[in-house]
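Working through the structure, step by step
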Protein chains: 2
Amino acid sequence: MTNRDISTIADCHLFKGLNEQDINTLFDSNRFIEKNYHKNAIIRFQGDEYSDLMIILEGEISAEIQNPDGKKIIIETLKKSNAVATGVLFASDNTLPVTVVANTDIRVVLLPKKTVVQFCQENEIFLMNYLQDSGNKIIFLAEKIRLFKFNSINQKIACHLLTLSKRQGTDSVRLPYSREKLADLFGVARPSLSRGFSEFYDHGILESEGRIIHILDKSRIKEIIMGGD
Amino acid sequence: MTNRDISTIADCHLFKGLNEQDINTLFDSNRFIEKNYHKNAIIRFQGDEYSDLMIILEGEISAEIQNPDGKKIIIETLKKSNAVATGVLFASDNTLPVTVVANTDIRVVLLPKKTVVQFCQENEIFLMNYLQDSGNKIIFLAEKIRLFKFNSINQKIACHLLTLSKRQGTDSVRLPYSREKLADLFGVARPSLSRGFSEFYDHGILESEGRIIHILDKSRIKEIIMGGD
């Protein structure tokens, strides 16, 4: 594996905290496969068994689903250093819920499940990262489901912030997610998210300071959650 | 740890495939704590940091949330041999999304996160079980979100079965979840789930044989998904 590839892998969140020497040690054997795919190639079909963890070394891929009416929907776009479907790899039903398509010419590294298990046993940081990745996905999805009961984006913002405020024990809440992730969490497009937050700022209910949100009017937040939009 | 407790832990899905000798080896040191709580005691508050994996040795607990309007909702009831919040333990934000209450007098074993990591490194089966548990939770929650877009229970049943049929490559589909889990997946009560399935049987669209469901009329299934309920 070249130094450039090792540095790409070092940027993958599963290898966070490992230096390039550590990564070299893990990858220094015949425990992985490299593969190339041309632009527009279908890399994996929805329903295919997923038994090798895929990490992107070069290029970009899309995860797509096909609706029963035949329409394609892009679920996610993944780039260099991203790992594909970390949760599916170890699930009892390890078939992919999405079709994976090459958006550009791509190069990937494939780590057989057995290798990932060996990495976990040989390197505690990698193990912790893998468990953290799964834990974070579970928390994110569970919160998304919890927020489904609210119809309006303002209710979702209010409820999410009130929960964070309780958890963090402060009215100056640190948002754990990027704006992009937040839009996904609330099931809305980015512009709707921005408009939602702007309303809160304009009415003096919230104040933003980077990723910190100050809750200025908590009783109004509660009213909004209860439906007083 | 007594033989009885070891046999209780052997029934926990995280220890599936380990014999009592293996479990004894893992637990044979000062790496865990045992605790007792009285009936109605609040064991952990929503928002508490969750840094010790809790496994129930005796009794029953509830995971509850409090809505902004003050109403309590029971999310889950856990019994002997169940592990609590396996996903939260390793998440970046490892605060509990629920309040944990003792329904009876209970006795639990607490495994510090560090011990769980050691278990993963010392025993490959335990590691695989932990990763599988997380993977299964992710798949379940993602499928639940996917099905949210359908309003009727019949559409949810149709869409879930069609997806399983694609994945399993057969029209005789094996349901991966118990009826209880399925009701949770579809966000409905058990009786509604049964009524939904009965309609499919009555109209000759599906036929049931234990946990195998035969899809007899696939084009009708597709029509139902498209809204022809």
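Residues numbered from 1 in each chain as written. Chains lettered and ligands numbered in written order. Predicted model: local features only at pLDDT ≥ 70, side-chain atom pairs only at ≥ 80, totals over all residues. Heavy atoms only, no water.

**Let's talk about the overall build of chain A**
- For chain A, the helix and strand inventory stands at eight helices and eleven strands.
- Here chain A displays about 10,800 Å² of accessible surface, and carbon together with sulfur accounts for 47% of that area. (Helix = DSSP H or I, 4+ residues; strand = E, 2+ residues; numbered from the N terminus. Areas by Shrake-Rupley, 256 points an atom, 1.4 Å probe, with all protein chains shown as cover.)

**A word on the sheet that holds strand S4 (residues 60-66) of chain B**
Residue and element names in this part refer to chain B.
- Ordered by their spatial adjacency, four strands build an open sheet running S2-S7-S4-S5, and the pairing between neighbours is antiparallel. With partners counted over all chains shown, the strands left at the sheet margins are strand S2 (42-44) and strand S5 (72-79), one partner each. Going from strand to strand, the sheet's axes swing by 35° on average, the running direction of each strand aside.
- Where S2 lies against strand S7 (residues 99-102), two bridges are found, and the strand directions are antiparallel. Each residue of the ladder has a partner; that of Ile-42, found in S7, is Val-101. (Pairing = 2+ DSSP bridges. Axes fitted to C-alpha atoms, helices over the stretch in contact; angles between N-to-C directions.)

**A look at unusual backbone geometry**
All names here are of chain B.
- One non-glycine residue, Asn-40, lies in positive phi territory at about 75°.
- As for its position among the elements, Asn-40 is in the loop between strand S1 (33-37) and S2.
- In the Ramachandran plot, Ala-85 falls in the positive-phi region, its phi being about 50° despite a non-glycine side chain.
- Structurally, Ala-85 can be placed in the loop between strand S6 (83-84) and S7.

**Focus on the relation of the copies chain A and chain B**
- Least-squares fitting of chain A to chain B yields an RMSD of 0.0 Å, with the superposition described by an axial translation of 0.0 Å and a rotation of 180°. The superposition of one copy onto the other is thereby described by a two-fold rotation axis. When each C-alpha of chain A is compared by its distance to the rotation axis, A:Gln121 comes out closest, at 2.4 Å.
- Here 100% of the interface residues in chain A have copies in chain B that are interface residues too; the copies meet face to matching face. (Least-squares fit on C-alpha atoms with pLDDT ≥ 70 in both. Contact = heavy atoms within 4.5 Å.)

**Quick notes on the confidence of the model for chain A**
- Per-residue pLDDT for chain A averages 92, and the proportion of residues at 70 or more is 98%.
- Across the interface, the model reports ipTM at 0.90; the global pTM reads 0.91. (pLDDT = per-residue confidence, 0-100.)

**Here's the deal with the interface of chain A and chain B**
- Contacts between the two partners involve 40 residues from chain A, matched on the other side by 40 residues from chain B.
- In this assembly, chain A packs against chain B so that about 3,900 Å² is buried in total across both faces, 71% of it on carbon and sulfur atoms.
- Where chain A touches chain B, the interface holds two salt bridges.
- The partner of A:Asp93 in a salt bridge is B:Arg167, with the nearest N and O atoms 3.2 Å apart.
- There are seven residue pairs in polar contact (both at pLDDT 80 or more) connecting chain A and chain B.
- Looking at the side of chain A that touches chain B, the elements with two or more residues in it are helix H3 (113-122), helix H4 (124-147) and helix H5 (153-168) of chain A.
- It is H4(A) that contributes the most residues to the side of chain A that touches chain B, 16 residues altogether.
- Split by residue class, the side of chain A that touches chain B holds 19 nonpolar, twelve polar and nine charged. (Buried area = accessible area lost by both parts, 1.4 Å probe. Salt bridge = Lys/Arg side-chain N within 4 Å of Asp/Glu carboxyl O. Polar contact = N/O pair within 3.5 Å; in protein donor to acceptor, adjacent residues only side chain to side chain. Nonpolar A, V, L, I, M, F, W, Y, C, P; charged D, E, K, R; others polar.)

**Section: the side chain of B:Thr86**
- Looking at the secondary structure, you find B:Thr86 in the loop between S6 and S7.
- Side chain to side chain, B:Thr86 and B:Lys137 meet in a polar contact 2.6 Å long.

**Quick look at the side chain of B:Arg167**
- By the element assignment, B:Arg167 lies in helix H5 (residues 153-168).
- In terms of polar contacts, B:Arg167 uses its side chain to reach the side chain of A:Asp93, at 3.2 Å.

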